[in-house]
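Each chain, letter by letter, is given below.
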Amino acid sequence: MKYFILSLLILVSVNSNSQIKKKIKIEYSTNYIGEVLTEDSKRKTAGLESVYSGIENKINTLKFSLLIDNNISEFKSISTMINDNETSGDKMARIYTGEQTVFFRDFINKRLVQNLDFSAKTYTTEIDLNKINWILENEEKLIDGYKCYKATYKHKFVYVTAWYCPSIPYSTGPIEYGGLPGLILELQRNKLVYTATSINLNFEGKETINFPDKNIISEDELNAILKKSTKNLNND
């Protein structure tokens, strides 16, 4: 197994550092397992139940796409009209799934950058690629006919399971996750699941990727901005 994984890592390294000749596009659906608020949580967060109401149903309707072109990938939501009658649960679903964020990965320069839309502004942030240490497991399964292998990662209260496909040798996937010897076709972060529903290895659409490279701030700077904005909202 160790020799197999080593071979996969070498294969991905070679592919990630060579010129990609074609576009690839993967579409994902999202699904939430169970309820966001357990019965115990509902008792502890009295008054917040209405805020989370319907969040699971909204999550189950959201769609995302991953485009790979010219050694760069872009993961983003497939745009849907925002209804004026959206509930708090609908808005929470968009935040929870990362629908307001676009993730860009540069295979050659080994960079991960996100564009976050927040309070009518877009914040561009460089993400540390070394903070995720995957454990490669001895499990496999088929996703849409593609053989995938299991990898796991745990950090504090975040539990992540990824199913990556070595036959699609691009080290990327949903939201900020990648760095595996194959493209991630299914990702579960706690109870939120992203699953590939459409796999197009010869995408001929006119979509292009514009990798953001200006006005980049650190993750710490972004967290400080978000913390200050949340504090100001609470004080209003």
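Residues numbered from 1 in each chain as written. Predicted model: local features only at pLDDT ≥ 70, side-chain atom pairs only at ≥ 80, totals over all residues. Heavy atoms only, no water.

Asker: What should I look at first to understand the overall build of the protein chain in this one?
Answerer: Scanning the protein chain for helices and strands turns up six helices and twelve strands. Considering only contacts within the protein chain whose residues lie at least 6 apart along the sequence, 62% involve residues at least 24 apart. Total accessible area on the protein chain is roughly 13,600 Å²; 50% of this is exposed by carbon and sulfur atoms. (Helix = DSSP H or I, 4+ residues; strand = E, 2+ residues; numbered from the N terminus. Contact = heavy atoms within 4.5 Å. Areas by Shrake-Rupley, 256 points an atom, 1.4 Å probe, with all protein chains shown as cover.)

Asker: Just checking my understanding: could you explain the nonpolar core for this structure?
Answerer: If you look at soluble globular proteins, the nonpolar side chains tend to sit buried side by side. Among the nonpolar cores identified, the biggest contains 41 residues, and Ile-26, Tyr-28, Trp-134, Tyr-177, Leu-183, Leu-185 and Leu-187 are the most heavily contacted of them. Of all elements in the fold, only β1 (23-32), α4 (55-59), β2 (63-69), β8 (146-155), β9 (158-165), β10 (183-189) and β11 (192-203) reach the threshold of two or more residues within this core. In terms of residues, this core owes the most to one element, β9, which gives five residues. Beyond its immediate stretch of four places on either side in the chain, Tyr-177 contacts Arg-105, Ile-132, Trp-134, Tyr-153, Val-158, Val-160, Thr-172, Ile-184, Leu-187 and Arg-189. Judged by nonpolar contacts, the second largest core, of seven residues, contains Ile-72, Phe-104, Phe-203 and Ile-209. (Core = buried A, V, L, I, M, F, W, Y, C linked by side-chain atoms within 4.5 Å. Buried < 20%, exposed > 50% of the residue type's maximum accessible area, 1.4 Å probe, protein only.)

Asker: Quick question: what am I supposed to make of the sheet that holds β8 here?
Answerer: Working definition: the strands of a sheet are paired by backbone hydrogen bonds and lie parallel or antiparallel to each other. One open sheet holds the twelve strands; their spatial order is β7-β8-β9-β10-β11-β1-β2-β3-β4-β5-β6-β12, and the pairing between them is mixed. Looking at the sheet topology across the chains shown, the edges are occupied by β7 (135-143) and β12 (216-217). Summarising the sheet, β1 and β11 pair through nine bridges and their orientation is antiparallel. What sits directly across from Glu-27, in β11, is Ser-198. (Pairing = 2+ DSSP bridges.)

Asker: What is the right way to read the packing of aromatic side chains from this model?
Answerer: The geometry of an aromatic ring pair is captured by the separation of the ring centres together with the interplanar angle, meaning the angle of the planes. Under the counting rule described, the total for this entry stands at nine aromatic pairs. Ring geometry for Phe-104 against Phe-211: centres 6.1 Å apart, planes inclined by 70 degrees, an arrangement best described as edge-to-face. With a gap of 107 residues between them, Phe-104 in strand β4 (residues 101-106) and Phe-211 in the loop between β11 and β12 connect regions that are remote in the sequence. For the residue pair Phe-104 and Phe-211, the accessibility class agrees, reading buried in each case. An aromatic cluster is present here, built from Tyr-28, Phe-64, Phe-75 and Tyr-194 joined pairwise through their rings. (Phe/Tyr/Trp six-rings, centres within 6.5 Å; stacked < 30°, edge-to-face > 60°.)

Asker: Explain the environment of Leu-62 here, please?
Answerer: You can see Leu-62 is positioned in the loop between α4 and β2. Using a relative accessible area of 3% as the deciding quantity, one classes Leu-62 as buried. Put simply, Leu-62 and Ser-77 are 15 residues apart on the chain and 7.7 Å apart in space, counted from C-alpha to C-alpha. When residues no more than four places from it in sequence are discounted, the contact partners of Leu-62 are Tyr-28, Ser-29, Thr-30, Ala-93, Arg-94, Thr-97 and Glu-99.

Asker: Explain helix α5 (residues 88-96) here, please?
Answerer: An α-helix turns once every 3.6 residues. As a result, residues three or four positions apart point the same way. Of the residues making up α5, those classed as buried are Gly-89, Asp-90, Ala-93 and Arg-94. For α5, the angular spread of the buried residues around the axis is 145 degrees, confining them to a single face. (Arc of directions from axis to C-beta.)

Asker: Would you take a moment to explain the environment of Thr-87 for this structure?
Answerer: With respect to the helices, strands and loops of the structure, Thr-87 is situated in the loop between β3 (72-77) and α5. Spatially, the C-alpha atoms of Thr-87 and Gly-54 are 7.9 Å apart, while their sequence positions differ by 33 residues.

Asker: How do you make sense of the pairing of β1 when you look at a structure like this?
Answerer: Regular strands show a simple pattern: their side chains alternate between the two faces of the sheet. Most of β1 is tucked away, with eight of its ten residues classed as buried. Pairing between β1 and β2: six bridges, direction antiparallel. Pairing of Ile-24 across the sheet is with Ile-68, part of β2.

Asker: Help me understand the side chain of Ser-29, please; the structure alone is not making it clear to me.
Answerer: Within the fold, Ser-29 resides in strand β1. Contact partners of Ser-29, with chain neighbours within four places excluded, come to Leu-62, Lys-63, Val-193, Tyr-194, Thr-195 and Thr-197.

Asker: What am I meant to see in unusual backbone geometry here?
Answerer: With a phi close to 55 degrees, Lys-156 is a non-glycine residue in the positive phi region. By the element assignment, Lys-156 lies in the loop between β8 and β9. Even without a glycine there, the phi angle at Ile-175 is positive, about 40 degrees. Tracing the backbone shows Ile-175 in the loop between β9 and β10. By relative accessible area, Ile-175 is classed as buried at 4%.

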